[in-house]
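# Architecture and fold: a report
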Amino acid sequence: MRILLHIIIFVILTIITQIGGILYLVSILLINRNAKKRRIKRIGIFVGLYLISTFLIVPNVAPIFGREKIKETQFLKAHSIFYKLANRNYVRPELNKTLTQVATEFENQNSGIKMVYLDANFPFIDKFPLLPHLSHNDGKKIDVSLIYKTPNGQLTNKKPSISGYGVYENPKPNEYDQSEVCKKSGHWQYDFPKYLTLGTINKDIDFSESGTRNLANLILKQNSIGKMFIEPHLKTRLNLTNEKVRFHGCQAVRHDDHIHFQLK
């Protein structure tokens, strides 16, 4: 049972952080199984190794694999420290430059409003899956939050869920409901992120059509960007006519809680 538990922890840490599983094994090997308070010592060593690796070693090794940590500015921030702590904040240098440019332009047009990113990519190895995503595996992809407004109509940096995912801007009665179509065709996972919110917050805010349209159009005008995924009803509602805006397919999940875009 002990071996099985170690395997489960290794798998979970690898899925969530890429490097955590390996560092967990190292922490086990460094402490003798007969040592006093070995569990506490192993946890301490693991936490120390993980923090040193995540914040000092990985950022310097990732460029060998063609990726670098997202360069945060006063206009570009992670939704949560989780994305940085879990090494899900790595992109190719070209995408890093694009993010900085879009965030700066967006704030110039909307004073004080930041571009907030969610999952990007792991630091190492193309094709290594960043679950639950299907395609965030080459440094070229990133998810960013939609834009919201306060009850008095002012744009806000607040978001409706702790994770940044899972609170949808649902289709209106007269809009095409891609989620329902996908689920009826057997793709049960299509709205699965509703279970990944980690809790809903800021229930007084509403989706901002003008703010999200502004952000989407700034992204779409970048020459480096090849595709954007957003739910069909939002594409229509926001009048996003650029050919870069695509439907992601029923095999993926809903994109009316975030915007996905990627390099060419």
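These numbers come from a predicted model, not from an experiment.

Reading the values: the criteria
- Residues numbered from 1 in each chain as written.
- Predicted model: local features only at pLDDT ≥ 70, side-chain atom pairs only at ≥ 80, totals over all residues.
- Heavy atoms only, no water.
- Helix = DSSP H or I, 4+ residues; strand = E, 2+ residues; numbered from the N terminus.
- Buried < 20%, exposed > 50% of the residue type's maximum accessible area, 1.4 Å probe, protein only.
- Polar contact = N/O pair within 3.5 Å; in protein donor to acceptor, adjacent residues only side chain to side chain.
- Disulfide = S-S within 2.5 Å.
- Pairing = 2+ DSSP bridges.
- Phe/Tyr/Trp six-rings, centres within 6.5 Å; stacked < 30°, edge-to-face > 60°.
- Expected span 1.5 Å × (residues − 1).
- Arc of directions from axis to C-beta.
- Contact = heavy atoms within 4.5 Å.

## So, the side chain of His258
Note that His258 resides in strand E11 (residues 258-263). Look at His258 and you get buried, because its relative accessible area is 3%. A distance of 3.5 Å separates polar atoms of two side chains, one belonging to His258 and the other to His255. A distance of 2.7 Å separates a polar atom in the side chain of His258 from a polar atom in the side chain of Asp257.

## A look at the state of the cysteines
Within the structure shown, the criterion is met by 1 disulfide. Disulfide partner of Cys182: Cys250, at an S-S distance of 2.0 Å. One disulfide, between Cys182 and Cys250, carries an S-S torsion of -75° and so falls in the left-handed class. Remark: Cys250 occurs in the loop between strand E10 (245-246) and E11 and Cys182 occurs in helix H6 (residues 178-184); sequence separation between them is 68 residues. Of the two residues, Cys182 and Cys250, both sit in the buried class.

## Here we look at the pairing of E11
Judged by how many residues are buried, E11 sits mostly within the fold: 6 of 6 residues are covered. In this structure, strand E5 (residues 141-145) lies alongside E11, joined through 5 bridges in antiparallel fashion. From the neighbouring strand, Lys141 faces E11, where its bridge partner is Gln262. Strand direction decides the pairing type here: strand E9 (residues 225-229) and E11, joined by 4 bridges, are antiparallel. When the bridges of E11 are listed, Ile225 appears paired with Leu263.

## Examining the sheet that holds strand E8 (residues 206-207)
One open sheet accounts for 3 strands, arranged E7-E6-E8; its pairing is antiparallel. Looking at strand neighbours, the two that pair on one side only are strand E7 (155-156) and E8, the edges of this open sheet. Pairing of strand E6 (residues 148-149) with E7, which is carried by 2 bridges, proceeds in the antiparallel orientation. Across the sheet, the residue bridging to Lys149 is Leu155, located in E7.

## Notes on the packing of aromatic side chains
Inspection of the entire model under this criterion finds 7 aromatic pairs. On the numbers, 5.9 Å between centres and 75° between planes, the contact of Phe122 with Phe128 is edge-to-face. According to the relative accessible area criterion, Phe122 is buried, its value standing at 2%. Given the relative accessible area of 24%, Phe128 is considered partly exposed. An aromatic cluster of three or more residues is present, and its members are Tyr24, Phe46 and Tyr50.

## Comments concerning helix H1 (residues 2-17)
With 16 residues, H1 should cover 22 Å at 1.5 Å per step; its first-to-last C-alpha distance of 22 Å lies within 8% of that length. Buried residues of H1: His6, Leu13, Thr14 and Thr17, and no others. Projected down its long axis, H1 shows its buried positions confined to an angular sector of 100°, all on one face. As for H1, its buried residues are in contact with helix H2 (20-30) and helix H3 (38-61). Just past H1, the residue Gln18 takes up positive phi, approximately 70°.

None of this, on its own, says anything about what the molecule does.
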